[in-house]
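Structural overview for review
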Amino acid sequence: MNSVLKPFQILGESALVSLRKLGRANLFMLHVATGFPGILARPRLLAAQMYSVGVLSVLLILISGLFVGMVLGLQGYYVLTDFGAEESLGVMVAASLVRELGPVVTALLFAGRAGSALTAEIGLMKATEQLSGMEMMAVDPVKRIIAPRFFAGLVSMPLLAAVFSLVGVLGGYFVGVGLLGVDEGAFRSQMQAKIDFDEDIVNGVIKSLVFGAIVTWIAVFEGYDSVPTSEGVSRATTRSVVYAAFAVLGWDFVLTALMFGKD
Amino acid sequence: MTFQPSDTTALVSIRGLSFSRNGRMIFDKIDLDIPRGKITAIMGPSGTGKTTLLKLIGGQLRPDSGSVRVDGTDVHRLGLDDLYALRKRMGMLFQSGALLTDLSVYENVAFPLREHTRLPESMIRSLVLMKLEAVGLRGARDLMPAQLSGGMARRVALARAIVLDPMMIMYDEPFTGQDPISMGVLVQLIHDLNHGLGLTSVVVSHDVHETASIADYVYLISGGKVVGQGTPDEVARSDSPWIRQFMEGLPDGPVHFHYPSKDYASDLLGFAAH
Ligand SMILES: Nc1ncnc2c1ncn2[C@@H]1O[C@H](COP(=O)(O)OP(=O)(O)O)[C@@H](O)[C@H]1O
Ligand SMILES: [Mg+2]
């Protein structure tokens, strides 16, 4: 091989590998989607996954949301008092949370807490031949194992993001009104007047749905596609969190530009 | 009681099967027959593709060429639904047992019934307890897989494999890593289940003596080929040096003890030369 061409060859090869993986991930997703009717027929499978994917993440989300809201309260107060606009603290805190920090930080935390656990669980099931074993028992593991988990992630994310934003607003209120003496009525009324349902809340929910789909998709696919050894599963788990973080931040930019960039 | 591979009563018949992985030939046009109602052993060194062969029979892998017929149907021409229907009639025991780690012993054995039937709970319970009794683990029904020894996990997996009353069972290395007692238990179980339930069994193994003690017919595979076959006695009496080395577990023979290397003395002196 000509040494000048070598870097291009390597680049081309890794591009092909990535494209193949993307193709596999898409086919996989189609396969997962065929499992949705089966989930509706067996709500208990979904409930169990909602518990381990969603409910077990609640405490993390509560604590993180509270602190993020409190920091927003502090930082917002210092900036806004310079302009004599501390009554707008409520809007600032709520808008930051509902539009951005709620969906984004929840998605990042969700990738670390639930996504990594999903990847490791599925990867280990593959490594211990539980998935193969299921296939040999004429049970489709994608429908039986993956689909309920994916669906649970999809449903949990918007709920967790809502909890995060709610607790965050309370944290901002506690710091702003409780500690720093911002007028309570102004905090509330400005927030209620300026936060728009379609513009802010619906867009925030759309974001969290998209992020939920992305994070869970990456998590279950990395687990299912992992090399079935202990090393392979640990790599897949790391990749799951890293890719999910990149994907969430990248898509956040795209979605924000589409949603808020028109006027 | 010599069985001829051309016997028409073969439950599984493999013809001209080739399979390669990452450009490496694992099987090179092999022919193989599994007679009905018998225990057939497939032996060969680690990494020859014994597990791969079972996955080809179960339709989890596709051959490059050749065919695998199970009970008269070509496994790799079936659609997914028909393949799944066929798999309900074939049990497979994975090397690790492959029990579902988040379900109890009872629920593991009940799993195929819950997935494939709408039997009432009382019926499921009777079936599960019957199969657990058959493997001697009725008392362990409430344990979780993590609480089982390796041998017990395999027996639970065996109970699960027979819960749908299949026509055949494939065992992947059932004896590996077992202490002598649980090895003896498993040998006995495979034998008794095969004859008691009228199954056809395929035992993949490199534990020569245990396997030969229950097998009706033995295939030896190595390097992608069937290198020997016959009843255990015939194989044991073979005069092929490779088969003798494998069956008797000799450290050196046609398969060398040493990984290919350069001359020992010059290798040792090589450091001084630098
Ligand atoms: N998923 C896989 N991907 C790539 N190669 C594999 C895979 N599984 C097994 N192999 C290779 O195929 C060969 C046969 O493996 P296997 O059927 O597990 O052998 P055996 O069961 O006889 O020990 C081995 O060389 C192994 O490295
Ligand atoms: Mg093997």
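The structure this text deals with has already been given above.
Attention in this report is confined to the structure presented alongside it. Just so it is clear, the model here is predicted, and its values are computed rather than measured.

Now for the overall build of chain A. For chain A, the count of helices and strands is ten helices and zero strands. Each helix and strand of chain A, ordered N terminal to C terminal, gives the series α-α-α-α-α-α-α-α-α-α. Projected onto the principal axes, the alpha-carbon positions of chain A cover approximately 65 × 55 × 35 Å. For chain A, with 263 residues in total, the buried portion stands at 44%. Roughly 12900 Å² of accessible area belongs to chain A as shown, and the carbon and sulfur atoms make up 71% of that amount. Distance between charge centroids for chain A: 13 Å, based on 18 positive and 20 negative side chains.

Moving on to the nonpolar core. Residue and element names in this part refer to chain A. Of all hydrophobic cores here, the largest spans 59 residues; its most connected members are Phe28, Val32, Phe110, Ile146, Phe211, Val215 and Val220. When residues of this core are assigned to their parent elements, the largest contribution, 13 residues, is made by helix α5 (residues 89-127). The contacts of Phe110, once residues within four sequence positions are left out, are Val53, Ser57, Gly115, Gly153, Ser156, Met157, Leu160, Val215 and Thr216.

This paragraph deals with the packing of helix α3 (residues 43-54) of chain A against helix α7 (residues 141-179) of chain A. Residue and element names in this part refer to chain A. Packing of α3 against α7 leaves a shortest axis separation of 8 Å and a crossing angle of 55°. In terms of orientation, α3 lies oblique with respect to α7. Considering how the two elements wind past one another, α3 and α7 form a crossing that is right-handed. Every residue of α7 that contacts α3 at Leu45, Leu46, Gln49, Met50, Val53 and Gly54 is listed here: Arg144, Pro148, Arg149, Phe151, Ala152, Gly153, Val155, Ser156 and Leu160. Its residues assigned to classes, the contact of α3 with α7 shows nine nonpolar, four polar and two charged.

Here we take up the side chain of B:Lys131. Residues and elements named next belong to chain B. Among the secondary structure elements, Lys131 is positioned in helix α4 (residues 121-134). Exposure remark for Lys131: the relative accessible area of 7% places this residue in the buried category. Separated by 2.9 Å, the side chains of Lys131 and Asp165 make a polar contact. Residues contacting Lys131, with those up to four places away along its chain left out, are Val109, Ala159, Ile162, Val163 and Asp165.

Right, let's get into the pairing of strand β7 (residues 168-172) of chain B. All names here are of chain B. In terms of burial, β7 is a largely internal element, five of the five residues being buried. Of the two faces of β7, the one carrying Met168, Met170 and Asp172 and the one carrying Ile169 and Tyr171 are both buried. Inspection of the sheet shows strand β6 (residues 90-93) paired to β7 by four bridges, in the parallel sense. The partner of Met92 across the bridge, within β7, is Met170. The pairing of β7 with strand β8 (residues 200-205) spans five bridges and is classified as parallel. Residue pairing for β8: Ile169 is matched across the bridge by Ser201. Regarding the hand of the β-α-β motif, the stretch spanning β7, helix α6 (residues 180-196) and β8 is right-handed.

Here the focus is the sheet that holds strand β3 (residues 39-43) of chain B. Within a sheet, adjacent strands bond to each other through the backbone by hydrogen bonds, running parallel or antiparallel. Residue and element names in this part refer to chain B. Pairing is mixed across the open sheet formed by six strands, whose spatial order is β6-β7-β8-β3-β9-β10. The sheet is open, and its two edges are formed by β6 and β10 (225-230), each paired on a single side. Between one strand axis and the next, the sheet turns through 15° on average, direction left out of account. Relative to β8, β3 is paired through five bridges, and the arrangement is parallel. Across the sheet, Thr40 pairs through a bridge with Val202, a residue of β8. Running over the sheet, helix α5 (residues 150-161) touches β6 and β7 and is turned about 170° from β6. Of the strands in this sheet, β3, β7 and β8 are in contact with α6, which crosses β3 at around 140°.

Residues and elements named next belong to chain A. For the coordinates displayed, the defined rule picks out eight aromatic pairs over all chains. On the numbers, 5.0 Å between centres and 50° between planes, the contact of Phe36 with Phe151 is tilted. Note that Phe36 is positioned in helix α2 (residues 36-41) and Phe151 in helix α7, a separation of 115 residues in sequence. Phe36 sits in the partly exposed class, given a relative accessible area of 24%. Three or more aromatic residues link up through ring pairs in this structure, and these residues are Phe28, Phe221 and Tyr224.

Residue and element names in this part refer to chain B. The residue Asn22 is not glycine, and still its phi comes out positive at about 50°. With respect to the helices and strands, the residue Asn22 is situated in the loop between β1 (10-21) and β2 (24-35). Judged by relative accessible area, Asn22 falls into the exposed class, the value being 82%. Positive phi is not limited to glycine here, since Lys29 has a value of about 50°. Turning to its location among the elements, Lys29 is positioned in strand β2.

Parameters at a glance
- Residues numbered from 1 in each chain as written.
- Chains lettered and ligands numbered in written order.
- Predicted model: local features only at pLDDT ≥ 70, side-chain atom pairs only at ≥ 80, totals over all residues.
- Heavy atoms only, no water.
- Helix = DSSP H or I, 4+ residues; strand = E, 2+ residues; numbered from the N terminus.
- Buried < 20%, exposed > 50% of the residue type's maximum accessible area, 1.4 Å probe, protein only.
- Areas by Shrake-Rupley, 256 points an atom, 1.4 Å probe, with all protein chains shown as cover.
- Lys, Arg positive; Asp, Glu negative; His and termini not counted.
- Charge placed at Lys NZ, Arg CZ, Asp CG, Glu CD.
- Core = buried A, V, L, I, M, F, W, Y, C linked by side-chain atoms within 4.5 Å.
- Contact = heavy atoms within 4.5 Å.
- Axes fitted to C-alpha atoms, helices over the stretch in contact; angles between N-to-C directions.
- Parallel < 35°, antiparallel > 145°, perpendicular 65-115°, else oblique.
- Left-handed = near helix turned anticlockwise from the far one by under 90°.
- Nonpolar A, V, L, I, M, F, W, Y, C, P; charged D, E, K, R; others polar.
- Polar contact = N/O pair within 3.5 Å; in protein donor to acceptor, adjacent residues only side chain to side chain.
- Pairing = 2+ DSSP bridges.
- Right-handed = clockwise from strand over helix to strand, strands pointing away.
- Phe/Tyr/Trp six-rings, centres within 6.5 Å; stacked < 30°, edge-to-face > 60°.

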